[in-house]
There are 2 protein chains.
Amino acid sequence: MDRRPIGVFDSGLGGLTAVRELTKRLPNESIIYFGDTGRVPYGPRGRDVIIKYASQDVNFLRTFDIKAILVACGTVSTTALDTLQQIYDMPLTGVVESASAKAARSTKNGRIGVIATSASIASGAYSRVIHTIDPSLTVIEKACPLFVPIVENGRFSKGDPLPELLVRDYLTELKALDVDTLVLGCTHYPLLWDVISDFMGEGVTLVSSGAEAAEYIAAELQEKDLLTDTKSAPNRYYVSDSTETFRKFASMYLQRDLDGDVEKVDIDKY
Amino acid sequence: MDRRPIGVFDSGLGGLTAVRELTKRLPNESIIYFGDTGRVPYGPRGRDVIIKYASQDVNFLRTFDIKAILVACGTVSTTALDTLQQIYDMPLTGVVESASAKAARSTKNGRIGVIATSASIASGAYSRVIHTIDPSLTVIEKACPLFVPIVENGRFSKGDPLPELLVRDYLTELKALDVDTLVLGCTHYPLLWDVISDFMGEGVTLVSSGAEAAEYIAAELQEKDLLTDTKSAPNRYYVSDSTETFRKFASMYLQRDLDGDVEKVDIDKY
């Protein structure tokens, strides 16, 4: 048994979709969340900058006595995780491995689509991991750089012509290539689930990278007997920009009321 | 005569539209440009964060021996300029005053529209300045938070349904309210000029805040005899993220080839 909290971080609010999944599976665990809202988005940035920001995020979370970190940011998971794992001597779980494994299990026709930020797609990480699992699978990757901005602006609902136009723009090719499984490789994308699912059609299984990573870390902690049996501290949320903006939008991602205090952090000090 | 360069900064690449206008008017002046591409966009961020970032931008430019700074960022101009002017003992010109003056001179029916980032609109700066010039004018302000991301992703051309949809979304109300003058209060927006102009129609005068500020600073330096008669050093460009990305896109904003070296800066050290 280990009563210490789990650290979770993301470039902004997207990682809260993973917190939602984590809390569903492990309601007793305390979570310390950091959202780098003062520097979001990470997806269009260069590798050096992403590594620098992600290191500061981890350094901040490590000021708490945490037992593990969930890297709930697709961009950091694809671009900086190996570097972070070399630097830090603690369990750091990204979203690529578990989502890739789920996609490889799910596909029937052997054609998997992956959508993510520009940096994630440029890294080739999903394709690499899926091919390590099964080299015979076809992986088609597509960067969707405007999904994060529209989601952050609340424009993700069915019936809104903006997300419908962009989903059509970005996904028409994947649909034509007949993928039967689509990995949502960025933790912002689950908010677009309905629009994407409608466009791709019933035959296509969507895989949420945040949900799969939450599932994985839950199993991992259970196996190592590192779970707690009772919630010993409330969740705590930290951001690098306005706490009011975070409070206003967090419940949209969590699909429930925000359940902890929010504080602002000067992240470039870490 | 003053041969020192002029400093120009923006959250990212938008400020290059002001550099373009400045160079047109003052071809002999050397320019030191800083684009905070590692932390762009500024528009959705809180005031504290914008002031912090803008101070670091000015601190960096002041490591050069410059004679003046053009704040070629609408968000900083509306949100942080008064604070910066209190801190620094040097000429700092933003984009609000000159664009407001131009709009007040241009309007015939007394109805002016202003479009800008969320932070700029929240500040009420344009409305305040225009009403100082002429309290009888009607000013209608509208935040267009997705214009910067679509421009940064190259989606600003006529015939592209995405900018056309967003221009319609954001500007329908302003059009219905019969403004005859529209201030583009963010230096990214001139790239959307054709789409906006087509939608608003021939009777509406567009005012580019970057161009007006360039005009203003040129007149100001001339009046104080601070111009140079010969270009003594090439322009220099600095960014806080990948220099390659900057090189790739800069000419789109400048409407000419990039005319100087580009270097990366660790901006949070300033």
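Residues numbered from 1 in each chain as written. Chains lettered and ligands numbered in written order. Predicted model: local features only at pLDDT ≥ 70, side-chain atom pairs only at ≥ 80, totals over all residues. Heavy atoms only, no water.

Q: Whenever I open this one, the overall build of chain A confuses me. Can you help?
A: What chain A contains, in helices and strands, is 12 helices and 10 strands. Taken over C-alpha atoms, the radius of gyration comes to 18 Å for chain A, in line with the 18 Å a tight globule of 270 residues would show. Counting only C-alpha atoms and orienting by the principal axes, one finds that chain A spans roughly 50 × 40 × 35 Å. Contacts spanning at least 24 positions in sequence make up 76% of the contacts within chain A whose residues lie at least 6 apart. Element-wise, carbon and sulfur atoms account for 48% of the exposed surface of chain A, whose accessible area totals about 10,500 Å². (Helix = DSSP H or I, 4+ residues; strand = E, 2+ residues; numbered from the N terminus. Rg over C-alpha atoms; globule rule 2.2 N^0.38 Å. Contact = heavy atoms within 4.5 Å. Areas by Shrake-Rupley, 256 points an atom, 1.4 Å probe, with all protein chains shown as cover.)

Q: When you look at the relation of the copies chain A and chain B in this model, what are you seeing that I'm missing?
A: Relating one copy of the chain to the other requires a rotation about an axis plus a shift along that axis. For the match of chain A to chain B, the screw axis carries a shift of 0.0 Å, the RMSD comes to 0.0 Å, and the turn is 180°. Such a combination of rotation and displacement between the chain copies is what one expects of a two-fold axis. Closest approach to the rotation axis within chain A is made by the C-alpha atom of Arg-39 of chain A, at a distance of 2.6 Å. (Least-squares fit on C-alpha atoms with pLDDT ≥ 70 in both.)

Q: Hey, could you run me through the sheet that holds strand 3 (residues 68-71) of chain A in this one?
A: Each strand in a sheet pairs with its neighbour through backbone hydrogen bonds, running either in the same direction (parallel) or in the opposite one (antiparallel). All names here are of chain A. The strand order across the open sheet built from six strands is 4-3-1-2-9-10, with neighbouring strands paired in parallel fashion. Since the sheet does not close on itself, it has two edges, and those belong to strand 4 (92-93) and strand 10 (260-264), each with one partner. In terms of strand pairing, strand 3 meets strand 4 through two bridges, oriented parallel. For Ile-69, the partnering residue across the bridge sits in strand 4 and is Leu-92. Each of strand 1 (6-10), strand 2 (31-35), strand 3 and strand 9 (235-239) touches helix 1 (residues 16-25); the most contacted strand, strand 2, lies at about 170° to it. Of the strands in this sheet, strand 1, strand 3 and strand 4 are in contact with helix 11 (residues 209-223), which crosses strand 3 at around 165°. (Pairing = 2+ DSSP bridges. Axes fitted to C-alpha atoms, helices over the stretch in contact; angles between N-to-C directions.)

Q: Looking at this model, I keep getting lost on the side chain of Asp-268 of chain B. Mind explaining?
A: Take Asp-268 of chain B: it is sitting in the segment after strand 10 (260-264). Look at Asp-268 of chain B and you get buried, because its relative accessible area is 16%. Here Lys-52 of chain A takes part through its side chain, which lies 3.0 Å from a polar atom of the side chain of Asp-268 of chain B. In this view, Asp-268 of chain B contacts Arg-39, Lys-52, Gln-56 and Asp-268 of chain A together with Arg-39 and Gln-56 of chain B; residues no more than four positions away in its chain are not counted. (Buried < 20%, exposed > 50% of the residue type's maximum accessible area, 1.4 Å probe, protein only. Polar contact = N/O pair within 3.5 Å; in protein donor to acceptor, adjacent residues only side chain to side chain.)

Q: What's the story with the environment of Phe-147 of chain A in this structure? I'm lost.
A: Relative to the assigned elements, Phe-147 of chain A resides in helix 8 (residues 147-152). Residues contacting Phe-147 of chain A, with those up to four places away along its chain left out, are Ile-115, Leu-166, Val-167, Tyr-170, Tyr-189, Leu-192 and Ile-196 of chain A.

Q: Just checking my understanding: could you explain the state of the cysteines for this structure?
A: Residues and elements named next belong to chain A. Under the criterion given, the structure shown has zero disulfides over all chains. With no disulfide of its own, Cys-73 lies closest to Cys-186 among cysteine sulfurs, the gap being 7.0 Å. On the basis of relative accessibility, which here comes to 3%, the residue Cys-73 falls in the buried class. As a non-bridged cysteine, Cys-144 has Cys-186 as the owner of its nearest cysteine sulfur, 9.3 Å distant. (Disulfide = S-S within 2.5 Å.)

Q: For this particular structure, what's the right way to read helix 2 (residues 47-61) of chain B?
A: Structural remark: α-helix, 3.6 residues per turn; residues separated by three or four positions point the same way. All names here are of chain B. Under the 1.5 Å per step criterion, the end-to-end length of helix 2 is 21 Å for 15 residues, consistent within 8% with the ideal 21 Å. Buried residues dominate helix 2, accounting for 11 of its 15 residues. Of all the residues in helix 2, the buried ones are Val-49, Ile-50, Ile-51, Tyr-53, Ala-54, Ser-55, Gln-56, Asp-57, Val-58, Phe-60 and Leu-61. (Expected span 1.5 Å × (residues − 1).)

Q: It is not clear to me how the packing of helix 5 (residues 96-106) of chain A against helix 7 (residues 125-133) of chain A should be interpreted in this structure. Could you clarify?
A: Helices that pack against each other are described as a pair by the angle of their axes relative to one another and the distance between those axes. All names here are of chain A. One way to put it is that helix 5 packs onto helix 7 with a least axis distance of 9 Å and a crossing angle of 55°. As judged from the angle between their axes, helix 5 and helix 7 are oblique. The two elements helix 5 and helix 7 meet at a crossing, and its hand is right-handed. Along its contact with helix 5, which presents Val-96, Glu-97, Ala-99, Ser-100, Ala-101 and Ala-104, the element helix 7 presents Ala-125, Tyr-126, Val-129, Ile-130 and Ile-133. The class makeup of the residues in the contact of helix 5 with helix 7 is nine nonpolar, one polar and one charged. (Parallel < 35°, antiparallel > 145°, perpendicular 65-115°, else oblique. Left-handed = near helix turned anticlockwise from the far one by under 90°. Nonpolar A, V, L, I, M, F, W, Y, C, P; charged D, E, K, R; others polar.)

Q: Quick question: what am I supposed to make of the interface of chain A and chain B here?
A: How large an interface is tends to be reported as the accessible area lost when its parts come together. With 28 residues of chain A at the interface, the matching set in chain B holds 28 residues. Counting the surface lost from both chain A and chain B, the interface buries some 2,100 Å², and carbon and sulfur atoms represent 49% of this. There are eight salt bridges connecting chain A and chain B. A salt bridge links Asp-48 of chain A to Lys-264 of chain B, with the nearest nitrogen and oxygen atoms 3.8 Å apart. Secondary structure elements with two or more residues in the side of chain A that touches chain B: helix 2 (47-61), helix 8 and helix 9 (161-176) of chain A. Counted by class, the side of chain A that touches chain B contains 12 nonpolar, six polar and 10 charged residues. (Buried area = accessible area lost by both parts, 1.4 Å probe. Salt bridge = Lys/Arg side-chain N within 4 Å of Asp/Glu carboxyl O.)

Q: Can you help me understand helix 11 of chain A in this one?
A: Residues and elements named next belong to chain A. End to end, helix 11 covers 21 Å across 15 residues, agreeing with the expected 21 Å (1.5 Å per residue, within 8%). What helix 11 keeps buried is the set Ser-209, Gly-210, Ala-211, Glu-212, Ala-213, Ala-214, Ile-217, Ala-218 and Leu-221. A positive backbone phi angle near 55° is found at Asp-225, which sits one or two residues after helix 11.

Q: Would you mind going over the packing of helix 9 of chain A against helix 9 (residues 161-176) of chain B with me for this structure?
A: For the pair helix 9 of chain A and helix 9 of chain B, the least separation of the axes is 11 Å and the interaxial angle reads 175°. On the basis of their axis angle, the class for helix 9 of chain A and helix 9 of chain B is roughly antiparallel. For the pair helix 9 of chain A and helix 9 of chain B, contact is made by Pro-161, Leu-162, Leu-165 and Leu-166 of chain A and by Pro-161, Leu-162, Leu-165 and Leu-166 of chain B, respectively.

Q: Just to check I follow, could you spell out the pairing of strand 10 of chain A for this structure?
A: Each regular strand displays side chains that alternate between the two surfaces of the sheet. All names here are of chain A. When strand 9 meets strand 10, the two strands line up parallel, connected through five bridges. If you follow Tyr-238 over to strand 10, its bridge partner there is Glu-263. Crossover connection from strand 9 via helix 12 (residues 243-254) to parallel strand 10: handedness right-handed. (Right-handed = clockwise from strand over helix to strand, strands pointing away.)

Q: Teacher, can you tell me more about the pattern of salt bridges here?
A: A side chain with one charge can pair with a side chain of the opposite charge if their charged atoms come near. Within this structure, the stated rule accounts for 40 salt bridges over all chains. Between Asp-160 of chain A and Arg-155 of chain A there is a salt bridge, and its shortest N-O distance comes to 2.7 Å. Each member of the pair, Asp-160 of chain A together with Arg-155 of chain A, is buried. With a shortest N-O distance of 2.8 Å, Arg-4 of chain B and Asp-2 of chain B are connected by a salt bridge. Residue Arg-4 of chain B is classed as partly exposed on the basis of its relative accessible area of 31%. Several salt bridges share partner residues, and in doing so they unite Arg-20, Glu-21, Lys-24, Arg-25 and Glu-215 of chain A into one network.

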